[in-house]
Amino acid sequence: MTYIKHSWAEPYKIKMVELLQMTTAAQRKKALQAAGYNTFLLKSKEVYIDLLTDSGTSAMSDRQWAGIMMGDEAYAGSANFFRLEEVVREVYGYKYLIPTHQGRGAENILSKILIKKGDIIPGNMYFTTTRLHQELAGGKFEDIIIDEAHDPENEFSFKGNVDLNKLERIIKKYGAKRIPYISIATSVNMAGGQPISIKNLKELRALTKKHGIRIIHDMTRVAENAFFIQQREKGFNHTPIKEIVKQICSYTDGATMSAKKDALVNIGGFLAVNDWDVFEEARNLVVVYEGLHTYGGMAGRDMEAMAIGIGESVNDDHIRARVGQVIYLGNKMLSYHVPIVKPIGGHGVFVDAKKFLPHLTQDQYPAQTLAAEIYLDSGVRTMERGVVSAGRKANGENYYPKLELVRFTIPRRVYTQAHMDVIAESTARVYEKRKKINGLKMIYEPRYLRFFQARFEKL
Ligand SMILES: *Cc1c(COP(=O)(O)O)cnc(C)c1O
């Protein structure tokens, strides 16, 4: 009997296509120089396959587009807000919703409410905007992720886990009073999209309860995290994604959400909390920074599309295809011996630039260099997640993160398997000529979140 492989494919078909522009090597060279070797400064028309981010780049479903037509654009009390509030309660279980224009809007409001000058905010690895808002509110971030997360070779299944000993040491050192909350991301972005386990969350909940410390959940990619729990954690093999998502949320006291990721919309976010006092304060502050508490910077139609997107995001078939495509790309890269972060994460493949370009020091920006080289080769746009993204400390010194990565982030429901092949082949071509690649020098450095606008020159 012949062995026939049991393949599966995307649980959708394509109704409309967006045409892509192909470029020549000469055009790409010119475009890259004009962009100061920063892929953030390229024009989208200069890009063939855009893996800069999975943020706001998803394809909406026909149902979501239909929802756009159902926008209730009343200034106050839009029907779409109440629908979104209901969906957030039903799917995630948080009691109170404050809509914001995107994730960082929620981070700003939350940080202003909960953080006092001199406070410490422990978290399972930093995220750029999250940490910056904590710092701007007078707080200091402390990393409590397990050591395995900082090692791209370590294949531990839950590299997003918190090291409870690190946390206990911090509580002992500063006292629980100076810790307004623990900041917990699901599917830790900066670690390569690595999940946290239910077991770890439960233990964290028990420990924080003892000390009266809140847990705030950065739930941007909670469904992708739930998929890894379903695949890898004992006892969850047959649990639907929807149930796992709700369980994750139940161990936390509130959340900030960038709906531009998991929730399958092009713009939007929210803050959700269980605590009435925090909600009251947030509902007041949102008016200052975002908009009225029933729209928070979004149009009614955006809220409707988000409500529908949240429902689709916790569908088992959707999430398997979504993460499955990322894993397909990662395995293809491995077949060409390209060094990547393992295990392969939920929203993208992270190439280890230190290993790829070992002849460059971190001051020569290996990841920034590699992202530029891949664009030159094929018009594939990726981004740096290393020393440039890490930025500087309050005292002006550079952060030197252990991980120096190039992120190949996959938009949801946008590209095909053939695109994944093109991406992997381009990376393999650059890998073949890696020894001839020179680093970069930074010639312009913005003060905040420098990776967005910094400019470089070839060394
Ligand atoms: C994108 C992101 C944010 C910020 O959200 P925006 O919608 O971009 O403002 C916060 N945390 C994580 C983990 C993210 O990936």
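All residue numbers refer to position in the chain's written sequence, counted from 1. Where totals are concerned, whole chains, interfaces and linings use all residues; where local detail is concerned, this predicted model gives features only for residues with pLDDT of at least 70, and gives and counts side-chain atom pairs only at 80 or more. Each side-chain value is derived from all of the structure's non-hydrogen atoms; neither hydrogens nor water enter the calculation.

Thoughts on the overall build of the protein
By the criteria applied, helices consist of DSSP H or I runs no shorter than four residues and strands consist of E runs no shorter than two, each listed in order from the N terminus. Within the protein, the regular secondary structure consists of 16 helices and 14 strands. Each principal axis of the C-alpha distribution contributes one length, and for the protein these read about 60 × 55 × 50 Å. Expressed as a percentage of its 459 residues, the buried residues of the protein come to 59%. The contact criterion used is simple: two residues touch if any of their non-hydrogen atoms lie within 4.5 Å. Nonlocal contacts in the protein, meaning residues at least 24 apart in sequence, comprise 72% of its contacts between residues at least 6 apart. All accessible areas in this document rest on Shrake-Rupley with a 1.4 Å probe, and a residue is counted as covered only by the protein chains that are shown. Per element, the accessible surface of the protein, about 20100 Å² overall, is 52% carbon and sulfur. We call a residue buried when its accessible area falls under 20% of the maximum for its residue type, exposed when it is over 50%, and partly exposed in between, using a 1.4 Å probe and counting protein chains only.

Some remarks on the domain arrangement of the protein
Examined at the domain level, the protein breaks down into domain 1 (25-54 + 316-458) and domain 2 (63-313). When each unit is reduced to the centre of its C-alpha atoms, the spacing between domain 1 and domain 2 is 26 Å. In this assembly, 34 residues from domain 1 lie in contact with 39 residues from domain 2. Two parts lose some accessible area (1.4 Å probe) when they are put together, and adding that loss for both gives the buried area. Interface area for domain 1 against domain 2, summed over the two sides, is near 2900 Å², with a carbon-plus-sulfur share of 56%. Contact with domain 2 buries surface across domain 1, with Lys-342, Pro-343 and Leu-403 losing the most and accounting together for 19% of the total. By definition, a salt bridge exists where a carboxyl oxygen of Asp or Glu is found within 4 Å of a side-chain nitrogen of Lys or Arg. Between domain 1 and domain 2 we count six salt bridges in total. If you list the elements that add at least two residues to the side of domain 1 that touches domain 2, you get helix H12 (316-335), strand S9 (348-352), helix H15 (387-390) and strand S12 (405-409). When residues of the side of domain 1 that touches domain 2 are assigned to their parent elements, the largest contribution, seven residues, is made by H12. Nonpolar residues are Ala, Val, Leu, Ile, Met, Phe, Trp, Tyr, Cys and Pro. Charged residues are Asp, Glu, Lys and Arg, and all others, Gly as well, are polar. Residue composition of the side of domain 1 that touches domain 2, by class: 16 nonpolar, six polar and 12 charged. For each domain, the first and last residues come from an automatic or database assignment.

A closer look at the environment of Leu-41
Along the polypeptide, Leu-41 turns up in the loop between helix H1 (25-34) and strand S1 (49-50). Counting along the chain gives 411 residues from Leu-41 to Phe-452, while the straight-line C-alpha distance between them is 7.7 Å. Excluding anything up to four places from it in sequence, Leu-41 contacts Ala-35, Phe-452, Gln-453, Ala-454 and Arg-455.

Things to note about the site of the ligand
Neighbouring residues are identified by heavy atoms, a residue being near a molecule or strand if any of them is within 4 Å of it. Near the ligand lie 14 residues; those nearest to it are Gly-103, Arg-104, Asp-218, Ser-258 and Lys-261. Gly-103 places a main-chain nitrogen or oxygen 2.8 Å from an oxygen atom of the ligand. We call two N or O atoms a polar contact when they sit within 3.5 Å, provided that within protein one can donate a hydrogen and the other can accept it, with sequence-adjacent residues counted only if both atoms are side-chain atoms. Residue Ser-258 places a side-chain N or O atom 2.6 Å away from an oxygen atom belonging to the ligand. Surface burial for the ligand is 96%, taken as the share of its 370 Å² of free accessible area covered by protein chains. Broken down by secondary-structure element, the contributors of at least two residues to the shell around the ligand are helix H4 (103-114) and helix H5 (128-136). Sort the elements by how many residues they give to the shell around the ligand and H4 lands first, with three residues.

Comments concerning the packing of helix H3 (residues 79-92) against helix H9 (residues 241-250)
Note on geometry: axes are C-alpha line fits, over the in-contact stretch for helices, and angles between N-to-C directions span 0 to 180 degrees. At a closest axis distance of 8 Å, the pairing of H3 and H9 adopts a crossing angle of 95 degrees. When the interaxial angle is binned, H3 and H9 end up roughly perpendicular. Of the residues in H9, those in contact with Arg-89, Glu-90, Val-91 and Tyr-92 of H3 are Lys-242, Val-245, Lys-246 and Cys-249. When grouped by side-chain class, the residues that make up the contact of H3 with H9 number four nonpolar, no polar and four charged. Angular relationships are summarised with four words: roughly parallel below 35 degrees, roughly antiparallel beyond 145, roughly perpendicular across 65 to 115, and oblique for the angles in between.

Some words on the nonpolar core
Residues grouped as a nonpolar core are buried Ala, Val, Leu, Ile, Met, Phe, Trp, Tyr and Cys residues, joined through side-chain atoms within 4.5 Å. In terms of nonpolar packing, the biggest core is built from 61 residues, with Tyr-92, Met-219, Phe-270, Met-306 and Ile-310 touching the most fellow members. In contact with Ile-310, other than residues within four places in its own chain, are Leu-84, Val-87, Val-88, Val-91, Tyr-92, Ala-263 and Phe-270. Grouped together as the second largest cluster of nonpolar side chains are 30 residues, Met-333, Val-349, Met-420 and Ile-423 included.

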